[in-house]
Amino acid sequence: MDRPVISFLTDFGPESAPAICRGVMLSIARDAQIVDISHSIRKFAIRDGAYLLWSTVPWLPVAVHVAVVDPGVGTARRPIAIRVQRGDILVGPDNGVLVPAAAALGGATEARAIENRELMLPRISRTFHGRDVFAPVAAHLAMGSPFERVGPVVGLDSLVDLVFPAPSIRDGGLEATVAYVDGFGNIRIHATSDDLAAALGGVDLGRLLNVEFPAEDGGPPAVERAAWASTFGDRPPGAALLYEDSSGLLALAENQGDAARRLGIQGGRRVRIHSASS
Amino acid sequence: MDRPVISFLTDFGPESAPAICRGVMLSIARDAQIVDISHSIRKFAIRDGAYLLWSTVPWLPVAVHVAVVDPGVGTARRPIAIRVQRGDILVGPDNGVLVPAAAALGGATEARAIENRELMLPRISRTFHGRDVFAPVAAHLAMGSPFERVGPVVGLDSLVDLVFPAPSIRDGGLEATVAYVDGFGNIRIHATSDDLAAALGGVDLGRLLNVEFPAEDGGPPAVERAAWASTFGDRPPGAALLYEDSSGLLALAENQGDAARRLGIQGGRRVRIHSASS
Amino acid sequence: MDRPVISFLTDFGPESAPAICRGVMLSIARDAQIVDISHSIRKFAIRDGAYLLWSTVPWLPVAVHVAVVDPGVGTARRPIAIRVQRGDILVGPDNGVLVPAAAALGGATEARAIENRELMLPRISRTFHGRDVFAPVAAHLAMGSPFERVGPVVGLDSLVDLVFPAPSIRDGGLEATVAYVDGFGNIRIHATSDDLAAALGGVDLGRLLNVEFPAEDGGPPAVERAAWASTFGDRPPGAALLYEDSSGLLALAENQGDAARRLGIQGGRRVRIHSASS
């Protein structure tokens, strides 16, 4: 039998909490291959965790994926497990962190509330469900414990979802939302190159675009003039480019620079893209 | 046979030193499951390393645990291996980093000075015993090399121990010491909720407490008013809480904030907790 | 059969990009032991990546080593694979990041341009060759795919190499270059203790040395007086020492301090070492 794979994403940081969870997993699934996705999510940033999980899981083998970004630990928010079309199982709090990843794996086929105490550690703390609930349940599932044992079915419609505003066409341009700012300062935008082409009536390599981030307080917007490019190497160092990133999203970047820091952009900001000649 | 497990904690940081040690381990124990606990310990902070090792190893499977926080590398400090009640072996410098973890695993049953050159790399550098001594010795032990081969027995009483001051009751309050400040800024205090209840004559959820950190230079103390809570979710964002953490210690935190940074607290600070109504 | 080992070094940072590549590797080589060397290389710092790879690979088992520090991703720079004397295979961009490591493993015996699309992912993005090219090719090689399948032979002389200036003796002192500044602020110098002894006519423990870093803009140099030492413990906290590091290079350090930050030194700076008595 192949070694079971468990992927693991948290906002626990570089200290021992991820290792404690890995220890719990390995105590149950001794031979598991644990793939750490990231433990550097901004703390409590559910949306960032959802984005990174969504963008990563399609590239992993079929696995149990555990994601713990959980500001509500110890409150009434449900722990859930979601089975998806591809055969994976997602495990984590029902706060939106899992739902986009389920879609990326072909869509959810069944969700269950995690309630079976036999799959958890004997003592459940109020502050560390990663260790006491999510890690042991994931390890039991990775070892082949039936999905049905987790707990009762919950309606897929009842799952908490953090819907990103859909991109729209307005005034001959594209309006969308910043999905994520990565560690290089590249601004990932929740829209595709097809969306952009539809808004602008096509877009050719090298075309100059105005990318405008309206200020949230009504002040002046942050504005960048960027060329539509297929790769960083198409632009000189320091130049701005808009490109289709490796997840298929639009991204605004500065070649060998940090566009997000310079422009002061964080996830959730609205963005408008027009042709610079219009 | 199950794959041997080796846990690994250092202050080596995010560069290649941990990988070099992992390479040495895998060259000897090709099939080992290496569990990185953390390599982000503040450099030379033996006490932080001892705390993280103590709080982590009970959750790992029986293993060889290697901990290298070693400001004295190259000096006369002994390399040691400690066998514990649960069956684990701890490997590292004899500077206090291992002893609390031994206690957490049921207590030490035997300690040996690491002296057998056959278990080390052929050439021992003066500055990198993690690579040349601790990693290969741990890997040989993980592969089943007899504990006795490591070197001569040393008295358990002779091991260097960093004793934390015990908590005490004074003036109707609890006096204790900060054991550790975690990456979220939560202040872990070396005392239990039972100690607190004994000092205050019981403590109910929601009770307001004065938490005071006397200044080390005689200046004004840092003071926080916190509610006794069972979880972060019991308090609004920005509010302070005192709770029993997932290791069973008292902890002072700010919900979705960084209490340690705001109050300027580091490990080793004394702390006094009184009822806010007294 | 032993589990195949794949080592992995990038400048991708702490987010999900390394996990995406690990997922691609594990989808092809399910049982691989992946050893992360570091993903914290300064972004686009090919020289730092080359140094860390060079200093790490000799301590790993025979493996496929993947190194992706790749400012030219998407441009015409070649993806290459290098087979070395020890039996390892190095995989990465042909920009100099692999060549010193090949030398450390006994020297390159054959290099091939990575061109066989059957070993890559079906769709090759312009911005993420770590995922689409290097990870899958490395995994196929780790699973035993013949080296010849990668692509056509390229001349070893044609590989891009970032030659460090060789150390030289001038005016009774040693002139060399800073190879790398590590995370502790220790300044690794591209010269050996033999070079130093040759320049100074021998060097005894405790001897005082002037270590001078000429300013690049013609201003005053950064100067440090350091004792030649065999280990940090030979010097009191805060004192400077020059020693032979664990890779065999000269290194300037401050015991329990950060010499590079205090002196303002980065990789590439020239350095001159004289006897302090001369």
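Rules of the game
Residues numbered from 1 in each chain as written. Chains lettered and ligands numbered in written order. Predicted model: local features only at pLDDT ≥ 70, side-chain atom pairs only at ≥ 80, totals over all residues. Heavy atoms only, no water. Helix = DSSP H or I, 4+ residues; strand = E, 2+ residues; numbered from the N terminus. Buried < 20%, exposed > 50% of the residue type's maximum accessible area, 1.4 Å probe, protein only. Contact = heavy atoms within 4.5 Å. Areas by Shrake-Rupley, 256 points an atom, 1.4 Å probe, with all protein chains shown as cover. Lys, Arg positive; Asp, Glu negative; His and termini not counted. Charge placed at Lys NZ, Arg CZ, Asp CG, Glu CD. Pairing = 2+ DSSP bridges. Axes fitted to C-alpha atoms, helices over the stretch in contact; angles between N-to-C directions. Least-squares fit on C-alpha atoms with pLDDT ≥ 70 in both. Buried area = accessible area lost by both parts, 1.4 Å probe. Salt bridge = Lys/Arg side-chain N within 4 Å of Asp/Glu carboxyl O. Polar contact = N/O pair within 3.5 Å; in protein donor to acceptor, adjacent residues only side chain to side chain. 1 Å grid on protein atoms, 1.4 Å probe; cavity = no way out; pocket = protein on both sides within 12 Å on 5 of 7 lines; lining within 4 Å. Points joined across faces, edges and corners; volume = space filled by probe spheres on them. Nonpolar A, V, L, I, M, F, W, Y, C, P; charged D, E, K, R; others polar. Left-handed = near helix turned anticlockwise from the far one by under 90°.

For this particular structure, what's the right way to read the overall build of chain A?
Of the regular secondary structure elements, chain A holds six helices and 15 strands. Viewed in the frame of its principal axes, chain A has a C-alpha envelope of about 65 × 40 × 35 Å. Burial status across chain A gives 61% buried among its 278 residues. Considering only residue pairs separated by 6 or more positions, chain A has 65% of its internal contacts joining residues 24 or more positions apart. For chain A, the accessible surface area stands at approximately 10300 Å², while carbon and sulfur atoms represent 51% of it. Each charge sign in chain A was given a centre, from 26 positive and 31 negative side chains, and these centres are 5 Å apart.

Looking at this model, I keep getting lost on the environment of B:Arg149. Mind explaining?
All names here are of chain B. On the secondary structure map, Arg-149 appears in the loop between helix H4 (129-142) and strand S7 (153-154). Taking the C-alpha atoms as reference points, Arg-149 and Asn-116, 33 residues apart in sequence, are found 6.9 Å from one another. Aside from chain neighbours lying at most four places away, what touches Arg-149 is Asn-116, Glu-118 and Leu-119.

What exactly am I supposed to notice about the sheet that holds S7(B) here?
Sheets are built from strands that pair by backbone hydrogen bonding, the pairs being arranged parallel or antiparallel. Residues and elements named next belong to chain B. Taken in spatial order, the seven strands of this open sheet run S2-S1-S3-S5-S4-S6-S7, and their pairing is mixed. Of all the strands in the sheet, the pair left with one neighbour each is strand S2 (33-38) and S7. When strand S6 (residues 108-113) meets S7, the two strands line up antiparallel, connected through two bridges. Considered in S7, the bridge of Ala-111 is made with Val-154. Relative to strand S3 (residues 64-68), H4 is tilted by about 170°, and along the sheet it contacts strand S1 (5-10), S3, strand S4 (79-84) and strand S5 (89-93).

Even after reading the chapter, I still don't get the relation of the copies chain B and chain A, so can you show me in this structure?
Superposing the two chain copies requires a rotation about an axis and a translation along that axis. Here chain B sits on chain A after a turn of 120° about the axis and a move of 0.0 Å along it, with an RMSD of 0.0 Å. Such a turn and shift between the copies fits a three-fold axis. Minimal C-alpha separation from the rotation axis in chain B is found for B:Gln33, amounting to 5.2 Å. Counting the interface residues of chain B, we find that no more than 3% of their copies in chain A are interface residues as well, pointing to two distinct contact surfaces.

Before we go on, may I ask you to explain the sheet that holds strand S5 (residues 89-93) of chain A in this structure?
Residues and elements named next belong to chain A. Judged by pairing direction, the sheet is mixed, and its seven strands sit side by side in the order S2-S1-S3-S5-S4-S6-S7 without closing on themselves. Two strands bound the open sheet, and with one partner strand each, they are strand S2 (33-38) and strand S7 (153-154). On the sheet, helix H1 (residues 17-28) packs against strand S1 (5-10), S2 and strand S3 (64-68) and is oriented at approximately 155° with respect to S1. The sheet contacts of helix H2 (residues 46-56) involve S1, S2 and S3, and relative to S1 the element is tilted by about 155°.

When you look at the interface of chain B and chain A in this model, what are you seeing that I'm missing?
Often, the extent of an interface is quoted as the loss of accessible area on bringing the components together. Facing 33 residues of chain B, the contacting portion of chain A comprises 29 residues. At the boundary of chain B with chain A, total buried surface from both sides reaches about 2500 Å², with 54% on carbon and sulfur atoms. Among the residues chain B hides against chain A, the three largest losses belong to B:Trp59, B:Phe184 and B:Ser246. Together they make up 26% of the total. Where chain B packs against chain A, one counts two salt bridges. A:Asp31 serves as the salt-bridge partner of B:Arg3, at 4.0 Å between the closest nitrogen and oxygen. Put simply, chain B and chain A have 15 residue pairs in polar contact (both at pLDDT 80 or more) between them. Looking at the side of chain B that touches chain A, the elements that each hand over two or more residues are S2, helix H2 (46-56), strand S9 (173-181) and strand S13 (240-244) of chain B.

Please explain the relation of the copies chain A and chain C as it appears in this structure.
The operation relating chain A to chain C is a screw motion whose rotation component is 120°, with 0.0 Å of axial translation and a residual RMSD of 0.0 Å. A different interface surface on each copy is seen, since only 3% of the contact residues of chain A are contact residues in chain C too.

Hey, could you run me through the interface of chain A and chain C in this one?
Contacts between the two partners involve 32 residues from chain A, matched on the other side by 29 residues from chain C. The junction of chain A with chain C conceals about 2500 Å² of combined surface from both sides, 54% of it contributed by carbon and sulfur atoms. If you sort the residues of chain A by the area they bury against chain C, A:Trp59, A:Phe184 and A:Ser246 come out on top, with a joint share of 26%. Summed over the shared surface of chain A and chain C, the number is one salt bridge.

I would appreciate a short explanation of the layout of surface pockets in the present structure.
Empty space among the atoms becomes apparent when a probe as large as a water molecule is rolled across them. Of the voids in this model, the second largest pocket is the one considered here, and its volume is about 290 Å³. Along the walls of the second largest pocket sit 14 residues, with A:Arg42, A:Asp48, A:Tyr180, A:Val181 and C:Glu15 positioned nearest its centre. For the lining of the second largest pocket, the elements supplying multiple residues, two or more each, are H2 and strand S9 (173-181) of chain A. Across the lining of the second largest pocket, the residue classes tally to six nonpolar, five polar and three charged.

Would you explain the side chain of C:Arg131 in this entry?
Of note, C:Arg131 is situated in helix H4 (residues 129-142). Look at C:Arg131 and you get buried, because its relative accessible area is 2%. Polar side-chain contacts of C:Arg131 include one of 2.6 Å to the side chain of C:Asp132. Excluding residues that lie within four positions of it along the chain, C:Arg131 makes contacts with A:Trp59, A:Ser246, C:Ile20, C:Cys21, C:Val24, C:Leu121, C:Ser125 and C:Pro136.

It is not clear to me how the pattern of salt bridges should be interpreted in this structure. Could you clarify?
Think of it this way: side chains of opposite charge can pair up when their charged atoms draw near. Residue and element names in this part refer to chain A. Scanning all chains against the criterion turns up 64 salt bridges over all chains. Its salt-bridge partner being Arg-22, residue Asp-36 comes within 2.8 Å of it at the nearest N-O pair. Placement of the pair is Asp-36 in strand S2 and Arg-22 in helix H1, with a sequence separation of 14 residues. Judged by its relative accessible area of 11%, Arg-22 is buried. A salt bridge links Arg-170 to Glu-175, with the shortest nitrogen-to-oxygen separation between them at 3.5 Å. Among the residues examined, Arg-170 registers a relative accessible area of 46% and is labelled partly exposed.

Would you explain the packing of helix H1 (residues 17-28) of chain C against H4(C) in this entry?
Packed helix pairs are specified by the crossing angle of their axes together with the interaxial distance, meaning the distance between the axes. All names here are of chain C. Axis separation between H1 and H4 bottoms out at 8 Å; the angle between their running directions is 35°. Regarding H1 and H4, the two cross each other, and that crossing is right-handed. Where H1 abuts H4, its residues Ile-20, Cys-21, Val-24, Met-25 and Ile-28 lie against Gly-130, Arg-131, Ala-135, Pro-136, Ala-139 and His-140. Among the residues making up the contact of H1 with H4, the classes are represented as eight nonpolar, two polar and one charged.

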